[in-house]
Amino acid sequence: MTRILVVDDEEDLREILRFNLEAEGFEVETAASAEEVLSTFHFPLSTFQLILLDVMMDRMSGFEMAQRMREAGDNTPIIFLTARDAHDDQLQGFGVGADDYITKPFSFDTVLARVKAVLRRSSSSSLSSSTSLTSLTRREHLILDLFRQQPGRFFTREEILAAVWPDDTLVGERSVDVHIARLRKKLGSEGQRIVNKTGFGYGLV
């Protein structure tokens, strides 16, 4: 399951984000300050796939926390949450390694769209940077692209068949299992991220 860390000194906002993100199937942890993150977790924050990080917090700012992370070699994706929309602030945010920047107040639909976009980019980048994809067949590429579009979601075999073999009614569920096995093998260690949910289907974690 995709894990997200929400760091914000506004308790109501933390809980709203937690509630809505969990309703979308994410696992969410929260922290009220950068200091709490530093005392509770250790860099790299590799157990999380994304961090929603407030900029303006007491004592250590989100910018400073992000800078410490990057200096420690932690490349966990970060989306900054801020009440400031000045161009210089955005440049500073991207300068310390932000993947996106959301200005308060915002709708949850906006947050969800940005979260999914950053997760797609980071998943694709991770696989592409560590794996040669040139050996994949067209069907294997289609399966991998399907998983990349919604990391953390499990697709039934019927859904995979409909997406990858839309016009071939003679192809059965066994073909999905065979192609997944080949895809995992070709992806090497990254293939372990393609997980089977017993009695349901497959997904990318």
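Structure: see above.
As the structure is a prediction and not an experimental result, all values here were calculated from the model.

Hey, could you go over the environment of methionine 69 for me, with residue numbers and the actual values?
Among the structural elements, methionine 69 can be located in helix α3 (residues 62–71). Through-space distance from the C-alpha of methionine 69 to that of glycine 152 is 24 Å; in sequence the pair is 83 residues apart.

Lay out the packing of aromatic side chains with the relevant residues and their values.
Considering all chains together, one arrives at four aromatic pairs under this definition. On the numbers, 6.4 Å between centres and 65° between planes, the contact of phenylalanine 80 with tyrosine 101 is edge-to-face. Of this pair, phenylalanine 80 sits in strand β4 (residues 78–82) while tyrosine 101 sits in strand β5 (residues 100–103); the two residues are 21 residues apart in sequence, bridging distant segments of the chain. Since its relative accessible area comes to 0%, phenylalanine 80 is described here as buried. Between the NZ or CZ atom of arginine 3 and the centre of the ring of phenylalanine 48, over which it lies, the distance is 4.4 Å.

I'd like to hear about the side chain of aspartate 74, residue by residue, with values.
Within the element layout of this structure, aspartate 74 appears in the loop between α3 and β4. As a buried residue without a salt bridge, aspartate 74 has its nearest oppositely charged side chain in arginine 70, at a separation of 4.6 Å.

Which residues make up the packing of helix α7 (residues 157–164) against helix α8 (residues 173–187), and what values go with them?
Put simply, α7 and α8 touch, their axes get as near as 9 Å, and they point 85° apart. Between α7 and α8, the angle falls in the class roughly perpendicular. Mapping the contact onto sequence places Arg157, Glu158, Ile160 and Leu161 in α7 and Glu173, Val176 and Asp177 in α8. For the contact of α7 with α8, a count of residues per class yields three nonpolar, no polar and four charged.

Hey, could you go over α7 for me, with residue numbers and the actual values?
Where α7 is concerned, the buried positions are Arg157, Ile160, Leu161 and Val164. On an axial view of α7, the arc spanned by its buried residues comes to 100°, and they lie on one face. Contacts from the buried residues of α7 go to α6 (138–149), β6 (154–156), α8, β7 (194–197) and β8 (201–204).

About the thresholds
Residues numbered from 1 in each chain as written. Predicted model: local features only at pLDDT ≥ 70, side-chain atom pairs only at ≥ 80, totals over all residues. Heavy atoms only, no water. Helix = DSSP H or I, 4+ residues; strand = E, 2+ residues; numbered from the N terminus. Phe/Tyr/Trp six-rings, centres within 6.5 Å; stacked < 30°, edge-to-face > 60°. Buried < 20%, exposed > 50% of the residue type's maximum accessible area, 1.4 Å probe, protein only. Lys NZ or Arg CZ within 6 Å of the ring centre and 35° of its normal. Lys, Arg positive; Asp, Glu negative; His and termini not counted. Salt bridge = Lys/Arg side-chain N within 4 Å of Asp/Glu carboxyl O. Axes fitted to C-alpha atoms, helices over the stretch in contact; angles between N-to-C directions. Parallel < 35°, antiparallel > 145°, perpendicular 65-115°, else oblique. Contact = heavy atoms within 4.5 Å. Nonpolar A, V, L, I, M, F, W, Y, C, P; charged D, E, K, R; others polar. Arc of directions from axis to C-beta.

Don't take any of this as a statement about function, it's just geometry.
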